[in-house]
Each structure stands twice: as structure tokens, then as C-alpha cells.
Amino acid sequence: MLKQKSVWMHIGAGSFHRAHQAWYLHRLIQQGDDSWSIALGNIRNDANALLDNLAKQKGEYTLETVSPEGERHYEKITSVRKILHWDEQLTELVEQGSDKETRVIAFTVTEGGYYLTPQHELDVEQGDIKADLNGEMRTIYGALAHILRARLARHGEPVTLLNCDNLRHNGERFRHGFLSFLQLKGESELYEWVKNQTRSPNTMVDRITPRPTPDVAERVKQQMGWDDKAPVMGESFIQWVIEDDFINGRPALENVDVEMVDSVLPWEEAKIRILNASHSCIAWAGTLIGLNYIDDSTRELPIKQMAWNYVTQDVIPSLSPSPLDLAQYRDVVLARFGNPYIKDTNQRVAADGLSKIPGFITPTLQECYGRNQIPAATAVLPALFFVFLTRWAQGQLPYEYQDGVLDVAYYQKLMNSDNALDKFVADETLFGALANSAEFHGLMKSTVIHIENWLKSPEQLL
Ligand code: NAD
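Residues numbered from 1 in each chain as written. Predicted model: local features only at pLDDT ≥ 70, side-chain atom pairs only at ≥ 80, totals over all residues. Heavy atoms only, no water.

Novice: For the overall build of the protein, give the residues involved together with the corresponding values.
Specialist: Helices and strands together make up the secondary structure of the protein, namely 20 helices and 12 strands. Radius of gyration (C-alpha) of the protein: 23 Å, near the 23 Å computed for a compact globule of 462 residues. Along the longest, intermediate and shortest principal axes, the C-alpha atoms of the protein span 70 × 55 × 40 Å. Among the 462 residues that make up the protein, the fraction classed as buried is 56%. Residue pairs in contact within the protein that sit at least 24 positions apart in sequence constitute 75% of those at least 6 positions apart. A total accessible area of about 19,600 Å² is found for the protein, and carbon and sulfur atoms account for 48% of it. Computed over 45 positive and 62 negative side-chain charges, the separation of the two mean positions in the protein equals 3 Å. (Helix = DSSP H or I, 4+ residues; strand = E, 2+ residues; numbered from the N terminus. Rg over C-alpha atoms; globule rule 2.2 N^0.38 Å. Buried < 20%, exposed > 50% of the residue type's maximum accessible area, 1.4 Å probe, protein only. Contact = heavy atoms within 4.5 Å. Areas by Shrake-Rupley, 256 points an atom, 1.4 Å probe, with all protein chains shown as cover. Lys, Arg positive; Asp, Glu negative; His and termini not counted. Charge placed at Lys NZ, Arg CZ, Asp CG, Glu CD.)

Novice: For the confidence of the model for the protein, give the residues involved together with the corresponding values.
Specialist: Looking at the protein, the pLDDT average stands at 96 and 99% of residues meet or exceed 70. With a pTM of 0.90, the predicted complex shows an ipTM of 0.99. (pLDDT = per-residue confidence, 0-100.)

Novice: With reference to specific residues and values, describe unusual backbone geometry.
Specialist: Backbone geometry follows two general trends: most residues other than glycine have a negative phi, and most peptide bonds adopt the trans configuration. The peptide bond linking Ser-320 to Pro-321 adopts the cis configuration, its omega dihedral lying at 0°. Mapped onto the elements, Pro-321 comes out in the loop between α12 (301–319) and α13 (326–337). The backbone phi angle of Tyr-115 is positive, close to 50°, even though this residue is not glycine. Examined against the element boundaries, Tyr-115 turns out to sit in the loop between β6 (102–107) and α5 (127–133). Relative accessible area serves as the criterion here: at 10%, Tyr-115 is assigned to the buried category. Within the chain, His-169 stands out as a residue other than glycine whose phi angle is a positive 45°. Examined against the element boundaries, His-169 turns out to sit in the loop between β7 (159–163) and α7 (170–185). Judged by its relative accessible area of 17%, His-169 falls in the buried class.

Novice: I'd like a rundown of the sheet that holds strand β9 (residues 203–206), residues and numbers included.
Specialist: Spatially, the 3 strands line up as an open sheet ordered β9-β11-β12, and their pairing is mixed. Edge positions in the open sheet fall to β9 and β12 (259–261), since each of these has one partner strand only. On average, each strand axis in the sheet is tilted by 15° relative to the strand beside it, whichever way the strands run. In terms of strand pairing, β9 meets strand β11 (residues 239–243) through 4 bridges, oriented antiparallel. The residue of β11 that forms the bridge with Val-205 is Trp-240. (Pairing = 2+ DSSP bridges. Axes fitted to C-alpha atoms, helices over the stretch in contact; angles between N-to-C directions.)

Novice: Please set out the packing of aromatic side chains residue by residue, giving values where relevant.
Specialist: Within the structure shown, the criterion is met by 20 aromatic pairs. Here Phe-107 and Phe-174 contribute two aromatic rings whose centre-to-centre distance is 4.8 Å and whose plane-to-plane angle is 55°, an arrangement assigned as tilted. With Phe-107 in strand β6 and Phe-174 in helix α7, this pair connects stretches of sequence that are 67 residues apart. Here Phe-107 falls in the buried class, since its relative accessible area comes to 0%. Pairwise contacts between aromatic rings join Trp-284, Tyr-369, Phe-385, Phe-386, Phe-388, Tyr-401, Phe-424, Phe-431 and Phe-440 into one cluster. Stacked on the ring of Trp-226, the Lys or Arg Lys-76 has its end atom at 4.5 Å from the ring centre. (Phe/Tyr/Trp six-rings, centres within 6.5 Å; stacked < 30°, edge-to-face > 60°. Lys NZ or Arg CZ within 6 Å of the ring centre and 35° of its normal.)

Novice: Would you mind going over helix α15 (residues 353–370) in detail, with residue names and values included?
Specialist: Compared with an ideal rise of 1.5 Å per residue, which puts 18 residues at 26 Å, α15 spans 24 Å between its outermost C-alpha atoms and is within 8% of the ideal. At Ile-361, α15 shows its largest kink, close to 50°, and the proline Pro-363 lies no more than four residues downstream. By the burial criterion, the buried members of α15 are Gly-353, Leu-354, Lys-356, Ile-357, Phe-360, Ile-361, Thr-362, Pro-363, Thr-364, Leu-365, Cys-368 and Tyr-369. Residue Asn-372 follows α15 closely and has a positive phi angle near 60°. (Expected span 1.5 Å × (residues − 1). Bend = angle between axes of the 7 residues up to and from the residue.)

Novice: Got a sec to walk through the domain arrangement of the protein? Specific residues and values, please.
Specialist: Segmenting the protein into domains produces domain 1 (6–262) and domain 2 (265–455). For domain 1 versus domain 2, the separation of C-alpha centres amounts to 31 Å. Taken together, the contact between domain 1 and domain 2 spans 25 residues of the former and 17 residues of the latter. Each partner contributes to the roughly 1,800 Å² buried at the junction of domain 1 and domain 2, and carbon and sulfur atoms together form 58% of this total. Contact with domain 2 buries area across many residues of domain 1, yet Pro-68, Arg-168 and Ile-208 alone supply 33% of it, more than any other trio. (Domains from an automatic or database assignment. Buried area = accessible area lost by both parts, 1.4 Å probe.)

Shown next, in the form of C-alpha cells:
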């Protein structure tokens, strides 16, 4: 029997998609299963040059991966078979997304691309959302509304909408945003159709993929003998966990080591607390001792030890039992952060601390107290951030600190006031009920003193 050809349309032609999802589909093709291929497009016009280059290369490009030991590997990726060129009406995206053979529409449009409030509601105050509610296509919501309206009009075959961005409960959060958008637009027929004929499984994606620098193309030319105009590079580590809830078929991803699960939550929680929180810890501590890069900061033993203690003493007991080997996950994560060939900046990872404290760190503090354990190792993280923010307020950071929710005037005043730490700890949006706990205030006070002392001789363990 002739195998049915299916298309995975991907919206968001960034580096990450090409180093991650496209690699998995490429591996399937290599195994002889070419029933699925990717059609790649973008909502914004910032990927036009890349898409043109890819089109000239028939969608092919080289992926360079590098391990923590410095082994480099080169592979020509062949799963992108169609390039969807950009125009203001997103004509080719609408055409391809409404085609019957498209059974999955996946996207990476960055964390900010979902325009959600801290309460996870669609942020209707944002200009892009206002424009899309008026019929434009600046966001994933406006674009999908056009694509799926056309699909409903053409044949109405179901389709899976797969969020591949780094967002907690990414499928659910996107879906809630999208359904709110359709409701506000008053599109009741499309709203009902999306509710019944689409699915949005949650996914957990992982592979550090920096922006490719010019030296990637030079190495690719040397190694592959190919003047590739669209190479990408990433770390050798890769992981993808997906809830197995596709409505109109899917590639046999389990054959290429994608973990297909009922619930992504244990993986997501491990990633947020072990990977993301430790990453921030390392970036704040590294910055405070004058380092610029994550790998250099991780290789400082006292800093690595802070992250190791936090995970070992507080996070692992909080997340156990787990289907994952959490101690192994910790060790792999710390080895990845120390990869000297991935030059990720402390500035990038230190950003958005005011959202990371409640999202990544406070749950562990609360759970430790809940089992009568003093979260001494976890308190190091908000204490580091407090010292970091103090340096920011004194104009002593070596770079601009980026934080989407930072009220500059408010925090300038607070951090320079006499009892700054008390006020910082008393903030319920950061620490929930612990903001009113005398015990937690005491723990934070002593931890900040430890950190200030450590900064005087940072070669010592904390
Ligand atoms: P990139 O900068 O290479 O590409 C970003 C893409 O998003 C571009 O195509 C851009 O046009 C599009 N975009 C940006 N804002 C948008 C918006 N508001 N609406 C629609 N499209 C928008 O970035 P990347 O490395 O490809 O990463 C993209 C996302 O992938 C990340 O934000 C993250 O959620 C996820 N991710 C990345 C990595 C990584 O290491 N790079 C790892 C895991 C997950």
C-alpha cells in the first residue's frame, strides 16, 4: 500500500526548530520512514533572508552539534521539504495550513509570542493582540485564525496545534489564549470547530541552540565541503517529551526516542526546577563574581556546588517519586551548562528574575517548609538574586538587566532603602504566604550575609 504523505507545517523559522523538531523528523526519514515532511514558514518578516537561502538549498542545511567534551558532529538535515515564503497576507502559510495533507501545525514563536498576563490570560492590552483582533496577522493567534478559517471553509479536517516553545503547560496555555482570542473576535463557528477538531498536547522541548555565529558556516565548509548559507548549531543533548494526543495522525516519533507520555508534568517540573532555576542561580552568582558566560560560571566549583546543593537537598525530595532519574538529570544538566563550546551569556540567563522567583523557586521553598525542612540551599537562589538586584540598583552590573515586569522606579527606591531585604521578602507576588513568615525572613537574612561574605573570597565554598 502506498504510504500517505503528511505535512508537518511549522510556524517560526528560528534556529531552535531547525536544531530540534526538524532533526527528529530527519532521523525518521533516515530510518526509511518518509511519510512526513516539514513545510516551514514565519509570521514575521525577519526570517525572509533565511527562508530564501533555505529555498535555494531545497530546504537542506547543516546542523553542527557539540558535546561538553568538545566533539563536533555534522549532519545534513533533510526533513524540511517546502519553504513557505512570507508576504503580508501570509498567503503560503494559509494555503499550506488549510491543505488536507497538513495534519500537524507546530510553532515556536518565543515565550513572549503568547501575550499572556501573569494570570495566564490573553493580554488584550498588547498592541499586537489589538491589531490581530482587528484582522491583522502579527501573532500566532491572528495567523492561526486565518489559516483555520480557510481550513474550515475548504474541508474542515481536524488538525493538531503543537506548541514547541519553552512555556509551562505550553499546549494548554496557548489553547486558552487562542480560544479567548476567537471568543473576543466573535467567531463562534470557528471557536466551536477549534474546540472540537483540534488538539494541543503539552510538550517539553530541550536543546540549547545559540544564534549561529559566522564561524559555524566556516567549520561547516571545512567539514562538509559545502558553502551552506543556513547552518545551525546546538549542543549534542536533545530531548522531547510530548503528550500523546494528536487528532489527525502523527509521525512515529517514538521510533526516534521522543518520549510519548500521558502527562508531561513530571518532565516539565524537573526541567523548570532543576534546569531553569539552576541556570539562573549560576547566572546571578557568575555575574556577581565578574564572569560573563554560563560555562565559565558553572566551572567555578563554589557556584556549581550551590546549584548541586539546591537540587540535591531540596528539589529532589520535593519531586520524588518521579518517573525520571532526577540525580542523573541534575548531573547531565550541570555538565551541559559547563560546555565550553556553547557560549551562553550570564546576561541572557539572569534576565526576568522577578518572574523566575515565583515560577521556578518559591514552590520548592514552600514544599520544604511543608515537610518541616529548612530550605537553606534553596534560599541561596533568591538571596543571590537580591544581592544581584542591589548591585543593579547601585548601577554596578556589567550589563543591562532585562526584566519584563521590573518597575524600575519602584525597585530603585526599594533596593536603596534601609530595610530593603525585609521589603523584598515581604512581597507576596514573589514568595506567596512565605512573605509573612518570620522564619523565612530570618533564613533570607542569614543567607544574604553568607553571600556577601562569600563574595569577599569567592574561591571558597559558600
Ligand atoms: P530565534 O530568535 O532564532 O527565532 C525566533 C522566531 O520567533 C523567529 O522566527 C521570529 O520571527 C519569531 N517570533 C518572535 N516573536 C514573535 C511573535 N511575537 N510572534 C510570532 N513570531 C515571533 O529563536 P530560537 O532559538 O528559534 O528560539 C525560539 C523559541 O524556541 C524560544 O523562545 C523558546 O521558546 C524555544 N526554545 C529555544 C531554545 C534555544 O536554546 N534556542 C531551547 C528550547 C526552546
